There are 2 protein chains.
Amino acid sequence: MGEEIRYKQVILSNYAKTSVKESDLSLRTSKIHLKIPCGCDGAVLVKNLYLSIDPFILALMKNQELDLPSFTLDSVSLVLPIYGFGVSKVLDSSHPNFKTGELVWGFTSWEEYSLIKDPDQLFKIQDKDLPLSYFIGILGMPGMTAYVGFFKFCSPKKGETVYVSAASGAVGQLVGQFAKIAGCYVVGSAGNKEKVDLLKNKFRFDEAFNYKEEQDYNAALKRYFPDGIDIYFDNVGGKMLEAVLNSMRLNGRVALCGMISQYNSLEQPEGVHNLINALVKRVRMEGFFTSDHYHLYPKFLEIVVPLIKEEKITYVEDIAEGIESAPGALFGLYSGRNVGKLLVVVARE
Amino acid sequence: MGEEIRYKQVILSNYAKTSVKESDLSLRTSKIHLKIPCGCDGAVLVKNLYLSIDPFILALMKNQELDLPSFTLDSVSLVLPIYGFGVSKVLDSSHPNFKTGELVWGFTSWEEYSLIKDPDQLFKIQDKDLPLSYFIGILGMPGMTAYVGFFKFCSPKKGETVYVSAASGAVGQLVGQFAKIAGCYVVGSAGNKEKVDLLKNKFRFDEAFNYKEEQDYNAALKRYFPDGIDIYFDNVGGKMLEAVLNSMRLNGRVALCGMISQYNSLEQPEGVHNLINALVKRVRMEGFFTSDHYHLYPKFLEIVVPLIKEEKITYVEDIAEGIESAPGALFGLYSGRNVGKLLVVVARE
């Protein structure tokens, strides 16, 4: 059965009813043999290298319905660690398509080693020229989210105006750069000066503003979009969505990608009181999940990998060290202290 | 200049700030020569036969932005009557495409005779086998609204579940019948027993309910749609839209056609607090105006006229007599006392 070693896991102590907090997660040490156990045909045993810190994990901590399995609570006999996207190295495999030493990305667990029983959901990493962490960022789910959300759901046309909220995040920074490539005028908002500078100077947004400094979102949007907004890539929902609807142009499009402002709100989330604008202005609002669109992944790589290699798009990561730092990093999403795509290095190889 | 005769008009006394009321409209008697005046090349002079009572007129009385010209107030030197859709007979024409005696439908004014300066927006009525009033109903804007809204914006598939609010109205009764023709399960809501009976017995909805008898819209929708709603044809907005979002199925569609619950509400309209459902369930919500889609009108007639003649669809009108009854009929939309498409007969020929 191979050597048994001690390893760390992150588990959920209880489901949050109203707001989630860092102390709902705890660290545990368990033991594992670094071999596939008997009776686990078709599984792979991986060493997790990078774990992705994504807002949907906060939603799962509230047990919000997301078409994803619930996290297992620390109150049943066999507690599983929480899960998310990661980049991992195959240590052992009983699946014909995976070999020891191969690198993969996909759903894994928040722990140093994972036995993955459904490896068919994993993507193999073929291109070794790029940082491995990119496969949970620009070349993984967030990158696909920006690509599918912007090109498929926003139907951009040259010269249109685009607004991106949470614009310096894992998805937003790419949406802005895709919008520039599509010939659009793009404005992003973020929560501090450092991020706003990044949007303007590194990601080449036409304009950017700190939403925390705006008393009146309507006035801010009028200032940056005097003629209105054609496309809104919504990462936050709530009051910002309401303000955007007031500024939408005829036949505008809103991609509902995330509503982080609502994930942790009280029982009664913020209301949007002006949906009549969506009617009068013939706006299309559409929610999407990236997971419905992975058949586009090969095409996405064909487009995005060359853009990265030619330095036509850039990607900023905010990297925390060690699995112990994962819960703190996750709650950094709320405080907004991350700049760029948040991830945790569990091991570098 | 022809004989000068006295005729009646309906004018707006003032714009409503919060709620509109019947007394904001008044009746006036003016004089007109039944000939096109000098300097009005390209105009037609018509006798109005039927006027359509539509919810958008209430919105215009509040001066809500609808991409339509505002009504002229009874405080400027030259007060124009309010306008809307009508069926009219050409009495005189200085436009090469229109001849005396022809019947037309399109925008006209709420008065017995109108000088229409932009007759290019009018549609000629070719088919004389059908009731003339149908051209402001099933064969006019409301019919096109049901057709475009349902087939283009709701993308129905056989076996899907469809919910229609304000279902006995000018548009809703057709949406339900189109849904049955498309092989869908369709439930409608309306505001009294007579309408509910009409939905079930005359328009062949699978089910119908009186929303005024429901304490909890969520519970009502769960009862009629235990497995959820694929398509919502929204004529009302507000709290019903909120409840529907809780019951939407994955990849559902919401056509935002009207929000009559919001047209006359206080300054702060009802909020929709659960748009996160649109994200999680990947729902497409889209507002539309029928006026953007009149290029489909010939195709629409090709499809719908035979359906009427073969009695495969039916249409119920609620007809008021005389232009004097128009303001009262309009406010009947709010009290919900109309059953079917509301219209006013100004003259029968």
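Residues numbered from 1 in each chain as written. Chains lettered and ligands numbered in written order. Predicted model: local features only at pLDDT ≥ 70, side-chain atom pairs only at ≥ 80, totals over all residues.

A tally of regular secondary structure across chain A gives 10 helices and 15 strands. Over its C-alpha trace chain A gives a radius of gyration of 21 Å, about what one expects of a compact globule, namely 20 Å for 349 residues. Within chain A, counting contacts between residues at least 6 apart in sequence, those at least 24 apart form 67% of the total. (Helix = DSSP H or I, 4+ residues; strand = E, 2+ residues; numbered from the N terminus. Rg over C-alpha atoms; globule rule 2.2 N^0.38 Å. Contact = placed C-beta atoms within 7 Å.)

Let us now look at helix H9 (residues 297-309) of chain A. In a regular helix each residue adds 1.5 Å, so 13 residues correspond to 18 Å; H9 of chain A covers 18 Å between its end C-alpha atoms and thus fits that length. In the segment just after H9 of chain A, Glu311 of chain A is the residue with positive phi, at about 60 degrees. (Expected span 1.5 Å × (residues − 1).)

What follows deals with the relation of the copies chain A and chain B. Mapping chain A onto chain B calls for a screw motion: a turn of 180 degrees about the axis and a shift of 0.0 Å along it, with 0.0 Å RMSD after fitting. Read as a symmetry element, the transformation amounts to a two-fold axis. Here 100% of the interface residues in chain A have copies in chain B that are interface residues too; the copies meet face to matching face. (Least-squares fit on C-alpha atoms with pLDDT ≥ 70 in both.)

Our next topic: the interface of chain A and chain B. Each partner contributes residues to the interface: chain A has 28 residues there, and chain B has 28 residues. Of the residues contributing to the side of chain A that touches chain B, the split by class is 14 nonpolar, 7 polar and 7 charged. Relative to strand E13 (residues 284-287) of chain B, strand E13 (residues 284-287) of chain A runs antiparallel, the two being bridged by 3 bridges. Within the sheet, the bridge partner assigned to Glu286 of chain A lies in E13 of chain B and is Arg284 of chain B. (Nonpolar A, V, L, I, M, F, W, Y, C, P; charged D, E, K, R; others polar. Pairing = 2+ DSSP bridges.)

Residue and element names in this part refer to chain B. Viewed as axis vectors pointing N to C, helix H2 (residues 141-153) and helix H9 (residues 297-309) meet at an angle of 90 degrees, and their least axial separation amounts to 11 Å. Relative to H9, the element H2 is oriented roughly perpendicular. Together, Gly143, Met144 and Tyr147 of H2 and Tyr297, Phe300 and Val304 of H9 make up the contact between the two elements. (Axes fitted to C-alpha atoms, helices over the stretch in contact; angles between N-to-C directions. Parallel < 35°, antiparallel > 145°, perpendicular 65-115°, else oblique.)

Turning to the nonpolar core, a few remarks are in order. Formed by 219 residues in total, the largest nonpolar core has its most connected members in Phe233 and Val244 of chain A together with Phe233 and Val244 of chain B. Setting aside residues no more than four positions away along its own chain, Phe233 of chain B makes contact with Gly149, Phe150, Cys154, Val162, Val164, Val175, Ala255 and Cys257 of chain B. (Core = buried A, V, L, I, M, F, W, Y, C linked by C-beta atoms within 7 Å. Buried ≥ 20, exposed ≤ 12 C-beta atoms within 10 Å, placed from the backbone.)

As a further point, take the domain arrangement of chain A. Residue and element names in this part refer to chain A. Parsing chain A into structural domains produces domain 1 (4-137 + 316-345) and domain 2 (141-291). For domain 1 and domain 2, the distance between their C-alpha centroids amounts to 29 Å. Every contact between the two is made by 15 residues of domain 1 and, on the other side, 18 residues of domain 2. When residues of the side of domain 1 that touches domain 2 are traced back to their parent elements, those giving at least two are helix H1 (55-61) and strand E15 (341-345). (Domains from an automatic or database assignment.)

In space, the 12 strands of this open sheet follow the order E10(A)-E9(A)-E8(A)-E11(A)-E12(A)-E13(A)-E13(B)-E12(B)-E11(B)-E8(B)-E9(B)-E10(B), with mixed pairing throughout. The two strands at the open ends of the sheet, each matched to only one other strand, are strand E10 (207-210) of chain A together with strand E10 (207-210) of chain B. For this sheet the average axis-to-axis angle between neighbouring strands, irrespective of direction, equals 15 degrees. Packing against the sheet, helix H3 (residues 172-181) of chain B makes contact with strand E8 (161-164), strand E9 (185-190) and strand E11 (229-234) of chain B, and its axis sits at approximately 165 degrees to E9 of chain B. The strands touched by helix H4 (residues 193-201) of chain B are E9 and E10 of chain B; relative to E10 of chain B, the strand with the most contacts, the crossing angle is about 175 degrees.

With respect to the secondary-structure elements, Ser133 of chain A resides in the loop between strand E7 (123-124) and helix H2 (141-153). When the C-alpha positions of Ser133 of chain A and Pro327 of chain A are compared, they lie 18 Å apart, and in sequence the two are 194 residues distant.

Phi angles above zero are rare outside glycine, and Arg204 of chain B is one such case at about 60 degrees. Its location among the elements puts Arg204 of chain B in the loop between H4 and E10.

Turning next to helix H4 (residues 193-201) of chain A. All names here are of chain A. Listed as buried for H4 are Lys195, Val196, Leu198 and Leu199. Buried residues of H4 fall within an arc of 160 degrees about the axis and therefore sit on the same side. Exposed and oriented more than 90 degrees from the buried face of H4 are Lys193, Glu194 and Asn201. (Arc of directions from axis to C-beta.)

Let us look at the packing of helix H5 (residues 217-224) of chain B against helix H6 (residues 238-247) of chain B. Residues and elements named next belong to chain B. As a packed pair, H5 and H6 sit with axes 9 Å apart at the nearest point and diverge in direction by 45 degrees. Compared by their axis directions, H5 and H6 come out oblique. Between H5 and H6 the crossing geometry is right-handed. From H5, Tyr217, Asn218, Leu221 and Lys222 reach across to H6, where they touch Lys239, Met240, Ala243, Val244, Asn246 and Ser247. (Left-handed = near helix turned anticlockwise from the far one by under 90°.)

Turning our eyes to something else, we now look at the confidence of the model for chain A. Averaged over chain A, the pLDDT score is 91; the fraction of residues at 70 or greater is 94%. Scored by ipTM, the complex comes to 0.86, with pTM at 0.90. (pLDDT = per-residue confidence, 0-100.)

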